[in-house]
Amino acid sequence: MNVLLMAYGTPYTPEEIEPYYTDIRRGRRPSEELVRELEERYHAIGKSPLNEITLVQAIRLQALLNLEAPAYPKRLLGPFGPRIPQGPARVYVGTKHWHPSIGEAVAAMHEDGVRRAVAIVAAPHYSLRSVAEYQEKVEAALKSLPEPMEMVWVESYEAHPSLIAAYARRLEEAIWRLREPRKAAYVFTAHSIPLSAVERGDPYPRQVERTAELIAKRLALPRFSVAYQSAGRTPEPWLGPDINEHLKSLREEGFEEVVVQAVGFPADHLEVYYDLDLEAQATAKEVGLRLLRARSLNADLDYIQVLKELVEAAWLR
Ligand code: FEC
């Protein structure tokens, strides 16, 4: 089995911020002011761990796909035992906006003789401004190959039971830290997208709401809402409500504690560390709201199990 695991990508050094940003803007160079603003955000968080997390996700997924029977009891040594499983499953990493790029990954797969693979993005919701753009990049890479390669897509997995269980587990951990869980607000976030995509029928907001509803149902939350974060620095209108405005209105409604869970992103990165842990946290503080963030799935084995189930099902299609 062959898998192309994709994620957004992030710069490895401060010098790479500008070309990375240019790639996000489809080759249009951002103004100096925009670059400086983005540099400030990276300086504030230190460095985004996204590339490292994506790599560990890929290594663990490959190991889990190659695992047939644990050699030793799980509780002693984890599911792998002392040996990292070797076998026929191969996972390749491609990032949307940096290196290894999707084109580099597809070229490496071809070099290794891969003729069929499952393509999956480490983001559960389909959007014209996310998964569709990954698909365009994969299509372009496939076209440049001398022989055909078949790609079987996992386009979205917003309601996958193991994903819902994994998110619910992280939210439950945060609930332990609340003073009064029945009186708290629960907010699920995802990256905002331009409203123009929603007007073109993008299923994204419906899928984000579905994830939120299923987690809330699983934990019998008294109430929950969905908000959007990290709207881009472009003049067009973006999908809301924006998390910061939403926090202010929750406080006006009388809430004192809120748990925020970023369900649009399995991994920690700039948009989690800056937009939630610094910016939204500052907004909450300013209005007198106690904000707790549920920790991310990252490369934890329960998320890797989700990816494994999805790619195995797709491979059999
Ligand atoms: O840690 C890191 O360094 C990378 C964090 C990162 C993730 C991410 C995920 C998504 N984005 C989505 C949509 C858009 C649209 C635009 C856009 C722009 C940016 C910029 C940065 C950035 N995004 Fe991103 N996104 C991350 C980082 N994103 C930096 C540029 C500065 C800015 O505007 O804030 C607007 C593009 C344009 O200008 O035309 C649209 C979506 C996701 C979630 C799915 C995914 O992970 O692929 C949707 C992580």
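Before any of the text, the structure's been laid out above.
What counts and what doesn't
Residues numbered from 1 in each chain as written. Predicted model: local features only at pLDDT ≥ 70, side-chain atom pairs only at ≥ 80, totals over all residues. Heavy atoms only, no water. Donors = N, O, S within 2.8 Å, 3.2 Å for Na, K, Ca; no water. Helix = DSSP H or I, 4+ residues; strand = E, 2+ residues; numbered from the N terminus. Buried < 20%, exposed > 50% of the residue type's maximum accessible area, 1.4 Å probe, protein only. Contact = heavy atoms within 4.5 Å. Pairing = 2+ DSSP bridges. Axes fitted to C-alpha atoms, helices over the stretch in contact; angles between N-to-C directions. Phe/Tyr/Trp six-rings, centres within 6.5 Å; stacked < 30°, edge-to-face > 60°. Lys NZ or Arg CZ within 6 Å of the ring centre and 35° of its normal. Core = buried A, V, L, I, M, F, W, Y, C linked by side-chain atoms within 4.5 Å. Domains from an automatic or database assignment.

(A) Quick peek at the coordination of the iron atom of the ligand. For the iron atom of the ligand, the protein supplies a single donor, Tyr8 (OH), at a distance of 2.4 Å. Residue position: tyrosine 8 is located in the loop between strand 1 (2–7) and helix 1 (17–24).

(B) Quick peek at the environment of valine 208. Here valine 208 is to be found in helix 9 (residues 204–218). According to the relative accessible area criterion, valine 208 is buried, its value standing at 0%. Note: C-alpha distance between valine 208 and glycine 264 (56 residues apart in sequence) is 7.2 Å. Those residues in contact with valine 208, other than ones at most four positions away along the chain, are His125, Ala190, Val226, Tyr228 and Val263.

(C) Main features of the sheet that holds strand 7 (residues 257–262). Reading across the sheet, the four strands line up as 6-5-7-8 and stay open at both edges, with parallel pairing between neighbours. Pairing within the sheet leaves two strands with one partner each, and these edge strands are strand 6 (225–229) and strand 8 (290–293). With strand direction ignored, the average angle separating the axes of adjacent strands in the sheet is 30 degrees. Pairing analysis gives five bridges linking strand 5 (residues 185–191) to strand 6, with the strands arranged parallel.

(D) Representation of the packing of aromatic side chains within the structure. Inspection of the entire model under this criterion finds three aromatic pairs. Aromatic pair phenylalanine 188 and phenylalanine 224: ring centres 6.0 Å apart, planes at 65 degrees, arrangement edge-to-face. Here phenylalanine 188, found in strand 5, pairs with phenylalanine 224, found in the loop between helix 9 and strand 6; they are 36 residues apart in sequence, far enough to count as distant. When its relative accessible area of 1% is taken as the criterion, phenylalanine 188 is described as buried. Classification of phenylalanine 224 by relative accessible area gives partly exposed; the value is 35%. Positioned above the aromatic ring of tryptophan 315 is the side chain of arginine 116, whose terminal nitrogen or guanidinium carbon lies 4.9 Å from the ring centre.

(E) Examining the nonpolar core more closely. One finds Ile120, Tyr157, Leu171 and Ile215 to be the most contacted residues of the largest nonpolar core, which totals 54 residues. The biggest single contributor to this core is helix 7 (residues 161–175), with eight residues. Both domains that furnish three or more residues to this core are identified here as domain 1 (2–157 + 301–315) and domain 2 (161–293). Not counting chain neighbours up to four residues away, the residues in contact with isoleucine 120 comprise Val3, Leu4, Leu5, Met6, Val154, Tyr157, Leu307, Leu310 and Val311. Met6, Ala117, Ala123 and Met151 belong to the second largest nonpolar core, which has 23 residues in total.

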